[in-house]
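# Structural features, examined
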Amino acid sequence: ALVFARSATTGGQQFPVHWGGDSTATFESMAETLRGGLSLGLSGFGFWSHDIGGFEQNSSADVYKRWTAFGLLSSHSRLHGSNSYRVPWHYDEEAVAVLSKFTKLKCSLMPYLFRAAIQAHERGIPMLRAMMLEFPDDPACDYLDLQYMLGDSLLVAPVFSHDGIVNYYVPEGKWTNLLDGNVIEGPRWVRETHDFMSLPLLVRPNSVIPIGNRADRPDYDYSDGVTLQVYQFEDGRQVTIEIPALNGTIETRFDIKREGKVIYVQKQGTTKAWNIFLSGVSNVEDLENFEIINSSVLVKLRTGVNTIALHLG
């Protein structure tokens, strides 16, 4: 069973999904909504969301656009209001563009997000996580309530201000902005200004994010044409990335490890084409089929290739 509820008691986490109830269309209520969601996640609930733009009152265009980015970087997303439609063209053309951008982003992130959803089902770890859950040894994370981890590798800091200024905390290591490739080294606080098409969305160091080849729908073949985006992968590191099928079974598995200046990738499962994106890497030796994109390397692999060694230049 699935119950789309705004209240629950012990055992309610068995029946996802939940949402934050009747929020108002203000930045203050948007921030309160996130605090409630973090609390719910720490209480054993794996799936949680909220009404994009708030439920009560009519939101201003800037609240709606900021809430859109936040809402589409939640476990599930919906446009819903009390006395007004929460459709983007009700606000302005830029709102349409913002909704389009973050909808496409979420669709492309589905191989990563769907695996996080399966982990929430199997292990009870929430998709949207308080920072302290991922960083229990960093005391600065104990009271952070305006940012979160989406899955284990993506840090999200929604913008809660009319001027686009956001303050957020970055734990130890080199974190990479998924949207523009900028690298921020922690631990430290960061203060930035973002337009409506952006927000702090940082990839955790030593992470591999599987990006799907579709941005027009959330349900597709996640293994076909998937791109493994590798970020700040240090010597001696090894990770396993699992790509699920739509029925929840693991269809493809990648084992990635780095030894010195060589990154090894081994694939198990389907024989479909796949790609590797090395963030911040300017060259790969002894390899012809690669492309330089914004000081990063994209390696395109044909169907049937199951093992590759990438020698970093």
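Preceding block: the structure.
Let me begin by describing the structure that accompanies this report. (Residues numbered from 1 in each chain as written. Predicted model: local features only at pLDDT ≥ 70, side-chain atom pairs only at ≥ 80, totals over all residues. Heavy atoms only, no water.)

The next subject is the overall build of the chain. Helices and strands together make up the secondary structure of the chain, namely 5 helices and 20 strands. Relative to the compact-globule value of 20 Å for 313 residues, the chain shows a C-alpha radius of gyration of 20 Å, a close match. Going through the 313 residues of the chain one by one, you find that 53% of them count as buried. Of all intrachain contacts in the chain linking residues separated by at least 6 positions in sequence, the fraction that spans at least 24 positions is 61%. Within the structure as shown, the chain displays about 14300 Å² of accessible surface, and the carbon and sulfur contribution to it stands at 48%. Side chains of the chain give 27 positive and 36 negative charges; the mean places of these two sets differ by 3 Å. (Helix = DSSP H or I, 4+ residues; strand = E, 2+ residues; numbered from the N terminus. Rg over C-alpha atoms; globule rule 2.2 N^0.38 Å. Buried < 20%, exposed > 50% of the residue type's maximum accessible area, 1.4 Å probe, protein only. Contact = heavy atoms within 4.5 Å. Areas by Shrake-Rupley, 256 points an atom, 1.4 Å probe, with all protein chains shown as cover. Lys, Arg positive; Asp, Glu negative; His and termini not counted. Charge placed at Lys NZ, Arg CZ, Asp CG, Glu CD.)

Enumeration according to the criterion identifies 15 salt bridges in this entry. Of the charged contacts in the structure, one is a salt bridge between Glu242 and Arg115, with a shortest N-O distance of 2.5 Å. Here the residue Glu242 occupies a position in strand S13 (residues 238–244), and Arg115 occupies one in helix H4 (residues 110–123), the gap between them amounting to 127 residues. No difference in accessibility class separates Glu242 from Arg115, as the two residues are buried. (Salt bridge = Lys/Arg side-chain N within 4 Å of Asp/Glu carboxyl O.)

The subject of this paragraph is the pairing of strand S12 (residues 226–231). Taking burial as the measure, the 6 residues of S12 include 6 buried ones, the bulk of the element. Alternating residues of S12 divide into Val226, Leu228 and Val230 and Thr227, Gln229 and Tyr231, and every residue in both groups is buried. Relative to S12, strand S11 (residues 207–211) runs antiparallel, the two being bridged by 5 bridges. Within S12, the position partnered with Ile209 by the bridge is Gln229. Bridge analysis of S12 against strand S16 (residues 274–278) gives 5 bridges, and the strand direction is parallel. Paired with Gln229 across the strands is Phe277, a residue of S16. (Pairing = 2+ DSSP bridges.)

Quick look at the pairing of strand S9 (residues 183–193) now. For strand S8 (residues 165–177) and S9, the ladder comprises 10 bridges, and the chain directions are antiparallel. The partner of Gly173 across the bridge, within S9, is Gly186.

Tracing the chain through its elements places Ala140 in the loop between helix H5 (131–134) and strand S6 (148–150). Accessibility expressed as a relative area gives 31% for Ala140, which makes it partly exposed. Along the primary structure Ala140 and Val170 are separated by 30 residues, whereas in three dimensions their C-alpha atoms are 9.5 Å apart.

Time to look at helix H2 (residues 61–72). Compared with an ideal rise of 1.5 Å per residue, which puts 12 residues at 16 Å, H2 spans 17 Å between its outermost C-alpha atoms and is within 8% of the ideal. For H2, the tally of buried residues reaches 11 of 12 residues, placing the bulk of the element in the interior. When H2 is considered as a whole, its buried residues turn out to be Asp62, Val63, Tyr64, Lys65, Arg66, Trp67, Thr68, Ala69, Phe70, Gly71 and Leu72. The secondary structure elements touched by the buried residues of H2 are helix H1 (27–42), strand S2 (48–49), strand S3 (51–52), strand S4 (78–79), helix H3 (93–108) and S6. (Expected span 1.5 Å × (residues − 1).)

For the rest of this paragraph, the subject is the sheet that holds strand S7 (residues 154–156). On the basis of which strands lie adjacent, the open sheet formed by 6 strands has the order S5-S6-S7-S10-S8-S9 and antiparallel pairing. Strands at the two margins of the open sheet, each flanked by one partner only, are strand S5 (128–129) and S9. Summarising the sheet, S8 and strand S10 (residues 201–203) pair through 2 bridges and their orientation is antiparallel. The residue of S10 that forms the bridge with Asn177 is Leu202.

With that out of the way, let us pick up the packing of H2 against H3. Between H2 and H3, whose axes approach to 9 Å, the crossing angle comes to 10°. Looking at the two axes, H2 sits roughly parallel to H3. Contacts from Tyr64, Lys65, Thr68, Ala69 and Leu72 in H2 reach Glu94, Ala95, Val98, Leu99, Phe102, Thr103 and Lys106 in H3. Of the residues that constitute the contact of H2 with H3, the class distribution is 7 nonpolar, 2 polar and 3 charged. (Axes fitted to C-alpha atoms, helices over the stretch in contact; angles between N-to-C directions. Parallel < 35°, antiparallel > 145°, perpendicular 65-115°, else oblique. Nonpolar A, V, L, I, M, F, W, Y, C, P; charged D, E, K, R; others polar.)

Here the bond from Pro16 into Val17 is cis, since omega is 15°, no more than 30 degrees from zero. Within the secondary structure, Val17 is located in the segment before strand S1 (18–19). Of note, the bond from Gly186 into Pro187 is cis; its omega dihedral lies within 30 degrees of zero at 10°. Backbone geometry at Asn206 places phi at a positive 65°, although glycine is not the residue there. Positive phi outside glycine occurs at Gln232, with the angle close to 45°.

Strands sit in the order S13-S14-S15-S20-S17 across an open sheet of 5 strands; the sheet is antiparallel. Looking along the sheet, the strands with just one partner apiece sit at the ends: S13 and strand S17 (284–285). Alignment of strand S15 (residues 262–269) against strand S20 (residues 307–312), held across 5 bridges, turns out to be antiparallel. Paired with Val265 across the two strands is Ile308, which belongs to S20. In this fold H4 packs onto S13 and strand S14 (250–259), with an angle of close to 90° to the strand it touches most, S13.

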